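# A look at the structure
So you can see what is in the structure, the chains are spelled out below.
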There are 2 protein chains.
Amino acid sequence: MLIGNAIVGQSGGPTAAINATLAGVIRGAKDAEKKGIIPTIYGMRNGIEGFLAENMVNLSQIFDSEGKLKTLEATPAAALGSCRKKMKSPEDDPKTYARLVEIFKKYDIRYFFYIGGNDSMDTVSKLAKYAKEHDYEMCVVGVPKTIDNDLTATDHTPGFGSAAKYVAITMKEILRDVSVYTMKAVTIVEIMGRDAGWLTASAALAGISDGKGPDLIYLPERKFDVNEFIASINSAFEKHPAVLVAVSEGIKFADGRYVGEGLGGRKIDAFGHVALSGAGKVLEGLVKEEIGCKVRSIELNLPQRCASHIASATDIAESVGVGFAAVRAAVQGKTGVMMTIDRLECEEYSVGFSSADISAIANAVKRVPDEYINEEGNGVTDACINYLAPLIVGEITPEYENGLPKHFVL
Amino acid sequence: MLIGNAIVGQSGGPTAAINATLAGVIRGAKDAEKKGIIPTIYGMRNGIEGFLAENMVNLSQIFDSEGKLKTLEATPAAALGSCRKKMKSPEDDPKTYARLVEIFKKYDIRYFFYIGGNDSMDTVSKLAKYAKEHDYEMCVVGVPKTIDNDLTATDHTPGFGSAAKYVAITMKEILRDVSVYTMKAVTIVEIMGRDAGWLTASAALAGISDGKGPDLIYLPERKFDVNEFIASINSAFEKHPAVLVAVSEGIKFADGRYVGEGLGGRKIDAFGHVALSGAGKVLEGLVKEEIGCKVRSIELNLPQRCASHIASATDIAESVGVGFAAVRAAVQGKTGVMMTIDRLECEEYSVGFSSADISAIANAVKRVPDEYINEEGNGVTDACINYLAPLIVGEITPEYENGLPKHFVL
């Protein structure tokens, strides 16, 4: 068993659960410390970029109480800071890799944990391979996080359940809001997810308790057809005056252009630039033109990925769990792997954690499968609902101070 | 004491607390029923519009349990539906008023409660006057609601505290999100409030616990100056790379044009229409042009007024209380009044409820006073924070089912 210090970093876009995973890794390292395996766990500021500048903090010292870890779990985004650095290969950038090993040796680092999305897993993969080939004994383990839920090998990704819960609750609240008038009105809600429609599909969960959710849901997995869209809105008007539509930011026309680019015409901003105004805004204009009724578009924007006050308790517990499991796996000698959440085949929803070889995962995208999308391409199936529903169950109870949730800030 | 039935309606734009006030009125009526004063309370569907079509429900029957009232209190928007009808004067539209009295007589309605904003208070005022002049004995009482907090006579409006809490929490979460990178970036958050900046001012509350809130706050009470804006962002960059700005949708240039109209150039949409893109989007373009750094704008949109899952417990309790007090006041013979929330001069924040003659209130707007805005016009003062802070205190605990808050739907 490898004895030495650990380093953990956070990378890529924030989620409401990436700090919960960090808390899990710290808990795991503290557990290993008791067994004499990991004396100290360090945190790198701003991912691998900060690490290269030796910008590190001593997490063993900082998190000296259970209370601080609990606050960390309820804090959105990346407490250590993040970066978007895509590592080159050792052949193209030997200096950086040599520098990394130099720092590893200096701090006796034998465990490397990286919490992130696709690009971060690529970093884990390259680093594990490099260490092995250069006889530096180290276990390099990736822990996934993304609100997009588009990583393969894992049933779902930490951070997705909280984003899905935010989307579902917000859609439900918006539905109440837009349903108060008797006048015909269309409300279009644009949801994150450029390549995969998982988060947009979660809008359907708004209706699981009382039957009425969004009328139409458009995912990037299907080509967007203007005529079908207008016809479907008109059909929905036959049922009720307030029509609610969820669209992914990444929906495209049949010719491959993003809907957000507009319908042939181009928006020109105040400075004469062509502006990408987003799928919701473009469809708002389309409805105004083709149907002529009241229409509003709403871009859910950043709160989708940082609304930790309404995080899914299931997601937060799993995010902590998978971080803890990552340390266990590393101590057992795993390297070059990404941790996965595995849905167990039980009557009640339950999960286990394991790991998968990272090389096959790093550059693949898991899209919403055909059987989760309805035939018309404007909604999701019961199978999709059944997959998504358990992920948003449970509410966390963050500590509040002056009416605001307490956050951990380094 | 007038003995007869009651009718209650909801009007204008939704808030997270308008149903709490409805629950308060129903509780008040049930209390009066026990004393033999109000046998039945009816609810009008879609405000005065529905009432004119005798579209009513029997609330005494529907709310036969405390549990249903509790769920109603935690449901956003207007459970009875709403309308935006502005009543003409009896001289201009005698038929409508005659019809109203006809329905009052048919259902023996002696108490009329209307929950709404400015236009609704105008309806209350006209109706009370008409009833008095036509010898129809009836008590007509208005109960305020608006997220804009711009009604006079009352210290603050029901619904505002919950919207302010949503804004403060969301700003705090966005601040965590945008602070993860080391790269310079400006984030501009556009907040509701066309004529008064109360809700935008609430963004400052994001920083009350840990000192760091938005860097700059622009209210419609001050003319917006492009040069000051760019200079203030550059100053903020000297402190940290992530600059967060809150702007009201209603900010205007010195020449009186809305900032949302753009900077001289005009946005043309896909159909050749001039588009109003919103203050946030316009300022996003401005920062891109003048500073050239990464910039994002976020429009908080409808969730500001319907995110009841994170409603302020103070606001909800007061909203219920003021509804209950409205029935008490009516039973005591008050008519042509709007209920008010009065801040008591105590060390600890506490309020009482009273009423004010409506005629002076109906068409006035309460704007953020000078002493609440800093000298530079880009932030708020401690006095403003002290006024706002108690309104967002406390969290409600809505009932959850399948991970979603339960709503009452008629």
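Just so you know, these numbers come straight off a predicted model, no measurement behind them.

About the cut-offs
Residues numbered from 1 in each chain as written. Chains lettered and ligands numbered in written order. Predicted model: local features only at pLDDT ≥ 70, side-chain atom pairs only at ≥ 80, totals over all residues. Heavy atoms only, no water. Helix = DSSP H or I, 4+ residues; strand = E, 2+ residues; numbered from the N terminus. Rg over C-alpha atoms; globule rule 2.2 N^0.38 Å. Buried < 20%, exposed > 50% of the residue type's maximum accessible area, 1.4 Å probe, protein only. Contact = heavy atoms within 4.5 Å. Areas by Shrake-Rupley, 256 points an atom, 1.4 Å probe, with all protein chains shown as cover. Lys, Arg positive; Asp, Glu negative; His and termini not counted. Charge placed at Lys NZ, Arg CZ, Asp CG, Glu CD. Phe/Tyr/Trp six-rings, centres within 6.5 Å; stacked < 30°, edge-to-face > 60°. Lys NZ or Arg CZ within 6 Å of the ring centre and 35° of its normal. Buried area = accessible area lost by both parts, 1.4 Å probe. Salt bridge = Lys/Arg side-chain N within 4 Å of Asp/Glu carboxyl O. Polar contact = N/O pair within 3.5 Å; in protein donor to acceptor, adjacent residues only side chain to side chain. Pairing = 2+ DSSP bridges. Axes fitted to C-alpha atoms, helices over the stretch in contact; angles between N-to-C directions. Left-handed = near helix turned anticlockwise from the far one by under 90°. Nonpolar A, V, L, I, M, F, W, Y, C, P; charged D, E, K, R; others polar.

### Considerations on the overall build of chain A
For chain A, the helix and strand inventory stands at 13 helices and 17 strands. Computed over the C-alpha atoms, the radius of gyration of chain A is 23 Å, within 12% of the 22 Å expected from 2.2 N^0.38 for a compact globule of 410 residues. Counting across all 410 residues of chain A, residues that qualify as buried make up 64%. Sequence separation of 24 or more characterises 75% of the internal contacts of chain A that already satisfy a separation of 6 or more. Carbon and sulfur atoms form 48% of the exposed surface of chain A, whose accessible area is close to 15,000 Å². Counting 44 positive and 53 negative side-chain charges, chain A places the averaged centre of each group 5 Å from the other.

### What about the packing of aromatic side chains?
The way to describe two aromatic rings as a pair is by their centre distance and the angle between their planes. Residue and element names in this part refer to chain A. Counted according to the given criterion, the structure contains 30 aromatic pairs over all chains. A centroid spacing of 5.9 Å and a plane angle of 20° characterise the contact between Phe104 and Tyr136, whose relative ring orientation is stacked. Taken together, the residues span a long stretch of sequence, with Phe104 in helix H5 (residues 94–106) and Tyr136 in the loop between helix H6 (118–133) and strand S5 (139–144) at a distance of 32 residues. Look at Phe104 and you get buried, because its relative accessible area is 1%. On the accessibility criterion, Tyr136 (6% relative accessible area) is buried. Consider the rings of Tyr218 and Phe229, whose centres lie 5.7 Å apart with planes at 70°: the pair is edge-to-face. Placement of the pair is Tyr218 in strand S7 (residues 216–218) and Phe229 in helix H9 (residues 226–237), with a sequence separation of eleven residues. An identical accessibility class is assigned to Tyr218 and Phe229; each is buried. Against the face of Phe237 rests Lys184, its NZ or CZ located 4.8 Å from the ring centre.

### Regarding the interface of chain B and chain A
Accessible area lost upon the coming together of the parts is a frequently used measure of interface size. Every contact between the two is made by 71 residues of chain B and, on the other side, 71 residues of chain A. A combined buried area of about 5,500 Å² lies between chain B and chain A, and 60% of that area is made up of carbon and sulfur atoms. It is Glu173, Tyr181 and Leu404 of chain B in chain B that bury the most area against chain A; as a group they hold 12% of the surface buried on that side. In this structure, the connection of chain B to chain A is made through two salt bridges. Here Asp177 of chain A makes a salt bridge to Arg305 of chain B, at a shortest N to O gap of 2.7 Å. Taken together, the connections running from chain B to chain A amount to 30 residue pairs in polar contact (both at pLDDT 80 or more).

### Observations concerning the pairing of strand S9 (residues 242–248) of chain A
Residues and elements named next belong to chain A. Of all the seven residues making up S9, seven are buried; the element is thus mostly covered by neighbouring parts of the structure. Alternating residues of S9 divide into Ala242, Leu244, Ala246 and Ser248 and Val243, Val245 and Val247, and every residue in both groups is buried. Pairing of strand S6 (residues 185–191) with S9 involves seven bridges; the strand directions are parallel. Residue pairing in the sheet places Ile191 in a bridge with Ser248 of S9. Pairing between S7 and S9: three bridges, direction parallel. If you follow Tyr218 over to S9, its bridge partner there is Val247.

### Details of the pattern of salt bridges
Residue and element names in this part refer to chain A. Applying the stated criterion across every chain yields a total of 46 salt bridges over all chains. A salt bridge links Lys106 to Glu54, with the nearest nitrogen and oxygen atoms 2.7 Å apart. Separated by 52 residues along the polypeptide, Lys106 in helix H5 and Glu54 in the loop between helix H2 (47–52) and strand S3 (56–58) bring together distant segments of the chain. Using a relative accessible area of 55% as the deciding quantity, one classes Lys106 as exposed. For Glu54, a relative accessible area of 23% translates into the label partly exposed. For the salt bridge of Glu102 with Arg99, the shortest nitrogen-to-oxygen distance reads 2.9 Å.

### Quick word on the packing of H9 of chain A against helix H10 (residues 279–290) of chain A
Residue and element names in this part refer to chain A. The interhelical angle for the contact between H9 and H10, taken along N-to-C directions, is 65°, at an axis separation of 11 Å. The two elements H9 and H10 cross, and the hand of that crossing is right-handed. Contact with H9, carried on its side by Val226, Phe229, Ile230 and Ile233, involves Leu283, Leu286, Val287 and Glu290 of H10 and no other residues of that element. Counted by class, the contact of H9 with H10 contains seven nonpolar, no polar and one charged residues.

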